[in-house]
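Report on the structure
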Amino acid sequence: MILLCGGIPFLWKLSGQISGCAGFGSEYEIVQSLVFLLLATLFSAVTGLPWSLYNTFVIEEKHGFNQQTLGFFFKDAIKKFVVTQCILLPVTSLLLYIIKIGGDYFFIYAWLFTLVVSLVLVTIYADYIAPLFDKFIPLPEGELKQQIETMAKSIDFPLTKVYVVEGSKRSSHSNAYFYGFFKNKRIVLFDTLLEDYSALNKEPAEGEDGENEETKSKTKNKKQGCKNEEVLAVLGHELGHWKLGHTVKNIIISQMNSFLCFFLFAVLIGQKELFAAFGFYDTQPTLIGLMIIFQFIFSPYNEVLSFCLTVLSRRFEFQADAFAKELGKAKDLYSALIKLNKDNLGFPVSDWIFSMWHYSHPPLLERLQALKDAKQE
């Protein structure tokens, strides 16, 4: 509808009128581009809101995953929008400026800039951005922390801190991940993953109704969580991704693809026919060129690339499971995968063609089969 009704050129003209009212003429293309980006993301957020509300308060609620109140949902959505704009607008303005002044080899400078930005965001996300939305607390001293540190040391993983994130205030889905570069690695565990820490497994204190202004606890849908040995097995899988270099390989693939896209953008940006096809007959704004080429022209290529990355991801998942098996965690990982599938209401049977195209992780039964022999031993 947006393409057929000329929504993109209309929004570009509107952004020009708004920036013009602020004293910025058509020669200030970057200013107009930022206004366009702000309006486009605002339009996307508003039109996507009904679907997000339905997903959270109908689908997730129906199956016992949603832990949010309506007030918390809107507070969270506004906060996400503001944080996104604080990052997106400055980065976009610098990128457009680099493209403008970069000369014939602007695509190299643009690629290097996006590489630096992505590395910075990965570095600061967990320490400065994620805590804006969720509470991170150090994993208390005890048996689990000691076992995690021992396992990390056994494979030379440079662990510095272990956190528990209160994911249960938003959703009862469970997860775990690690982050950080070089000798500064941290592990983050969702409280819903830990049987002993999940708020969903705890009864409300005496005198409490189990609900506050931001979150609500659905004790009727308690989640099982994992025992310490199973948590260690899940972490063994995650650390396998690090030990086998999967994270580095994914970064390299991503940056190679990014460089190729910028190179092809440099080749195509001079084609006026592309702009005319999308309703831009008199001007060729750089931001619009980025949108047309990256979002629409590359669409078939992105589908093929996505499939290839899905195949690679599944291979990495099997390798990480095998690494956990080598650590002697096969039996615990076997039971953990079953618990997590049950807790997340995953359906164990998958059509092989559908899963091959869409699933970045192998279906449960395939993973269990790969672990079965070791489990029996």
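Residues numbered from 1 in each chain as written. Predicted model: local features only at pLDDT ≥ 70, side-chain atom pairs only at ≥ 80, totals over all residues. Heavy atoms only, no water.

Our next topic: the pattern of salt bridges. Scanning the model with the defined rule gives six salt bridges in all. Put simply, Glu-29 and Lys-100 hold a salt bridge, and the shortest N to O gap is 2.9 Å. Of this pair, Glu-29 sits in helix α2 (residues 29–62) while Lys-100 sits in helix α3 (residues 70–101), and the two are 71 residues apart along the sequence. Judged by its relative accessible area of 17%, Glu-29 is buried. We note a salt bridge from Asp-321 to Arg-367, for which the minimum N-O separation is 2.9 Å. Here Arg-367 lies in helix α13 (residues 364–376) and Asp-321 lies in helix α10 (residues 299–326), a separation of 46 residues in the sequence. The exposure class of Asp-321 is buried, given its relative accessible area of 3%. Judged by relative accessible area, Arg-367 falls into the buried class, the value being 10%. (Salt bridge = Lys/Arg side-chain N within 4 Å of Asp/Glu carboxyl O. Helix = DSSP H or I, 4+ residues; strand = E, 2+ residues; numbered from the N terminus. Buried < 20%, exposed > 50% of the residue type's maximum accessible area, 1.4 Å probe, protein only.)

The next thing to look at is the confidence of the model for the protein. On average, the protein scores 86 in pLDDT, and the residues at 70 or more come to 91%. Within the model, the stretch residues 213–220 combines pLDDT values under 50 with 26 contacts to residues more than four positions away or in other chains. (pLDDT = per-residue confidence, 0-100. Contact = heavy atoms within 4.5 Å.)

So, about the sheet that holds strand β4 (residues 185–190). Pairing within the open sheet is mixed, and its four strands lie in the order β1-β2-β4-β3. Strand pairing shows two members of the sheet lacking a second neighbour, β1 (136–138) and β3 (176–179), which therefore form its edges. Across the sheet, the axes of successive neighbouring strands diverge by a mean angle of 30°, strand direction being ignored. (Pairing = 2+ DSSP bridges. Axes fitted to C-alpha atoms, helices over the stretch in contact; angles between N-to-C directions.)

This brings us to a nonpolar patch on the surface. Together, Phe-259, Leu-260, Phe-263, Leu-264, Val-267 and Tyr-301 give the surface a local cluster of nonpolar side chains, amounting to about 460 Å² of exposed area. Examining the composition of the nonpolar patch, we find that five residues originate from one element, helix α7 (residues 246–268), more than from any other. In this structure, Phe-263 sits in helix α7. (Patch = residues over 30% accessible without salt bridge, like charges linked within 9 Å, V, L, I, M, F, W, Y side chains within 5 Å. Areas by Shrake-Rupley, 256 points an atom, 1.4 Å probe, with all protein chains shown as cover.)

The topology assignment puts His-246 in helix α7. In the structure, His-246 is positioned 243 residues away from Leu-3 in sequence and 39 Å away in space, judged by C-alpha atoms. When neighbours within four sequence positions are excluded, His-246 is seen to be in contact with His-241, Phe-316, Gln-319 and Ala-320.

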